[in-house]
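# Survey of secondary and tertiary structure
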Amino acid sequence: MIYCFHIFACLCLIIFQTTVLSCFSLFNTFYDLSALYIVYMGLFFSVREGIPVALIIGLVMDSLSGGPFGVYLTTYFWLFIGARQLIKFFRVSNYILLPFVVTAAVLIEAVILLGTLAMLEPGRQFSSSIINTVAIQVVWAICTGPFIIQFYNFTYKRWNKLFNKLVAVFSHKQLPEINRQ
Amino acid sequence: MIIGVIVLIAVNLIALSITGRRYHSRGPGQIAISLITPFQKITTSSISFMRNVWNHYFCLIAVKQENDKLKKALSRAIEKNNRFNETEIFNLRLRNLLNFQKNMAGQTLVAEVIGNDPSPWFKTIIIDKGKTDGVEKGLPVLVPEGIAGQVIDASPHSSKVLLVIDQISAIDALVQRTRARGIVKGGSTGQCFFTYALRKHDIMVGDTIVSSGLDTVFPKGLRIGKVSEVIKHNFGIFQEVIVTPYVDFEKLEEVLVVLNAKLISDISDK
């Protein structure tokens, strides 16, 4: 069930990013919200839970994007690994660190994406506008990233609570039937 | 006793008949009036004030309710108006597309843009037509303004289109005025480059770049963009030409997929 929730959440984010967010020119160079979700998963969830979600979402993003296939798969995998490594040294509850974590994630994603492009498409020209794009993404990430991670966490907790309640209600209904049998 | 009572009644009646004829009060009566009227006035105006407040309060509620109703009606009207405007614009766009479709020699398919690339690094769109509608990889995608891109991936019900402004996009093209040949490649800032154009060719700012049809993807003569800058270095055999596409890629909503582009290319070549 947990996988379903995370995948559903990521799909919602992707749909939001590709349809709603792209309508506003202000968000033309907004950073990748699913990448942030992967970082969130790396910080708050186990490898068993996070890796499959990162891979599935990477595949979805690769299918939707015009980039070389596998570039998002790689990016998300390494972002997840990076976030897992990070929590070995820092406490997850340390919210002061979140802007730095988010910034690092955005930069890592940009480096992996551009690195892969440079490697796979040698003819591709990189102009100075790339620096602008990355800079804008970093600014967006610093300003909004920590709040978005908090929002992810809050949503997950609420959903988990609701789900547990539903399970409890359902099991209470089932018990008398089992006793009767 | 009885006589006393009768006398009293008679006096009273006489006094009453005398005082009853007077219309103007004098003396104590006036004093009483002077004393009472201010209070009466205060009381009356207080009551009047209270009545006014009461009435206006209810009136305000009614006005507020009416205001709410009017506001709702206004917002409905605005929404309706907006819907009409949107329909009008949509209609106009479709008419343009239809005219363009009629002018196109080949079989075309109208598709709606349903998504953009999730990353700012790549310039692709997702359209709502796929293999079941006859869309295949490699088909050209157009809009009345010019070439939009090329289908790079087709699934049963949707397709991915690589836009002209993506860096890996390339179209064999001509300068409409001088027929100078080159390749239009996507840039990184929403512009394109007309590469491999020889220095000796006359290319000016404002020239229109059209597809040459030699790449066998895009039919010949479709508009791509307008030359916005020409840089001729003192060295090299090529000149640097920057092209601004005619298509506004941020406002793409409907596109045309040319289903038999190869056929058209072959016919135009002959």
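Just so we're clear, the structure is a prediction, and the values are computed from it rather than from any experiment.

On a plain count of helices and strands, chain A comes out with 6 helices and 0 strands. The order of helices and strands in chain A, counted from the N terminus, is α-α-α-α-α-α. Expressed as a percentage of its 181 residues, the buried residues of chain A come to 28%. Of all intrachain contacts in chain A linking residues separated by at least 6 positions in sequence, the fraction that spans at least 24 positions is 74%.

What follows deals with unusual backbone geometry. Residue and element names in this part refer to chain B. Even without a glycine there, the phi angle at R179 is positive, about 60°. Assignment of secondary structure puts R179 in the loop between β6 (170-175) and β7 (181-186). What makes R179 exposed here is the crowd of 10 C-beta atoms within 10 Å. You will see that Y196, though not glycine, has its phi angle at about 60°, which is positive.

All names here are of chain B. Strands sit in the order β1-β2-β5-β4-β3-β12 around a closed barrel of 6 strands; the barrel is antiparallel. If you compare each strand with its neighbour and ignore which way they point, the axes differ by 45° on average. Pairing analysis gives 2 bridges linking strand β3 (residues 140-143) to strand β12 (residues 254-258), with the strands arranged antiparallel. Of the residues in β12, the one forming a bridge with L142 is L256.

Attention now goes to helix α4 (residues 71-89) of chain A. All names here are of chain A. Taking 1.5 Å of rise per residue, 19 residues should cover 27 Å, and α4 covers 28 Å from first to last C-alpha, within 8% of that figure. Within the sequence span of α4, burial applies to V71, Y72, T75, Y76, L79, F80 and A83. Projected onto a plane normal to the axis of α4, the buried residues spread over an arc of 155° and lie on a single side. Turned more than 90 degrees off the buried face of α4, the exposed positions are Q85, K88 and F89. In this structure, the buried side of α4 is in contact with α2 (33-44), α3 (47-64) and α5 (98-120).

Residues and elements named next belong to chain B. Most of β12 sits inside the fold, with 4 of its 5 residues counted as buried. Pairing of strand β1 (residues 108-116) with β12, which is carried by 5 bridges, proceeds in the antiparallel orientation. Across the sheet, L109 pairs through a bridge with V257, a residue of β12.

For the rest of this paragraph, the subject is the nonpolar core. Counting 82 residues, the largest nonpolar core has A:I38, A:V39, B:A148 and B:V255 as the members making the most contacts within it. Among the elements that make up this core, the one with the highest residue count is α2(A) (8 residues). Once residues lying within four places of it in the same chain are set aside, the contact partners of A:I38 are A:A54, A:I57, A:Y76, A:L79 and A:F80.

This part takes up the packing of helix α1 (residues 2-20) of chain A against α3(A). Residues and elements named next belong to chain A. It is the contact of α1 with α3, at a shortest axis distance of 10 Å, that shows an interaxial angle of 30°. Put simply, α1 runs roughly parallel to α3. The way α1 lies across α3 gives a crossing that is right-handed. Between α1 and α3, the contacting residues are I2, Y3, H6, I7, C10, I14 and T18 on the first element and E49, P52, V53, I56, I57, V60, M61 and L64 on the second.

Residues and elements named next belong to chain B. The sheet built from 6 strands closes into a barrel, its strands ordered β6-β7-β8-β11-β10-β9 with antiparallel pairing. Taking each pair of neighbouring strands and ignoring which way they run, the sheet shows an average axis angle of 40°. The pairing of strand β9 (residues 208-211) with strand β10 (residues 223-231) spans 3 bridges and is classified as antiparallel. From the neighbouring strand, V210 faces β10, where its bridge partner is R223.

Bringing the interface of chain B and chain A into the picture now. In this complex, chain B contributes 19 residues to the contact, which on the side of chain A involves 22 residues. When contributions to the side of chain B that touches chain A are tallied by element, the ones reaching two or more residues are β1, β2 (124-127) and β5 (159-163) of chain B. Grouping the constituent residues of the side of chain B that touches chain A by class yields 7 nonpolar, 7 polar and 5 charged.

Of all residues in chain B, 82% have pLDDT values of 70 or greater, and the mean over the chain is 80. Across the whole predicted complex the pTM is 0.67, and at the interface the ipTM reaches 0.71.

All names here are of chain A. Where α4 contacts α5, the two axes come as close as 10 Å, and the packing angle between them is 145°. The hand of the α4/α5 crossing is right-handed. Across the interface between the two elements, V71, T74, T75, W78, L79, G82 and L86 from α4 touch V101, A105, I108, E109, I112, L113 and T116 from α5. Residues of the contact of α4 with α5, tallied by class, amount to 9 nonpolar, 4 polar and 1 charged.

Do not read the predicted coordinates in detail wherever pLDDT is low. Per-residue pLDDT for chain A averages 82, and the proportion of residues at 70 or more is 90%. Mean pLDDT in chain A bottoms out at helix α6 (residues 129-180) of chain A, which sits at 81, and peaks at α2(A), which reaches 89.

Here is what the cut-offs are and how they apply
- Residues numbered from 1 in each chain as written.
- Chains lettered and ligands numbered in written order.
- Predicted model: local features only at pLDDT ≥ 70, side-chain atom pairs only at ≥ 80, totals over all residues.
- Helix = DSSP H or I, 4+ residues; strand = E, 2+ residues; numbered from the N terminus.
- Buried ≥ 20, exposed ≤ 12 C-beta atoms within 10 Å, placed from the backbone.
- Contact = placed C-beta atoms within 7 Å.
- Pairing = 2+ DSSP bridges.
- Axes fitted to C-alpha atoms, helices over the stretch in contact; angles between N-to-C directions.
- Expected span 1.5 Å × (residues − 1).
- Arc of directions from axis to C-beta.
- Core = buried A, V, L, I, M, F, W, Y, C linked by C-beta atoms within 7 Å.
- Parallel < 35°, antiparallel > 145°, perpendicular 65-115°, else oblique.
- Left-handed = near helix turned anticlockwise from the far one by under 90°.
- Nonpolar A, V, L, I, M, F, W, Y, C, P; charged D, E, K, R; others polar.
- pLDDT = per-residue confidence, 0-100.

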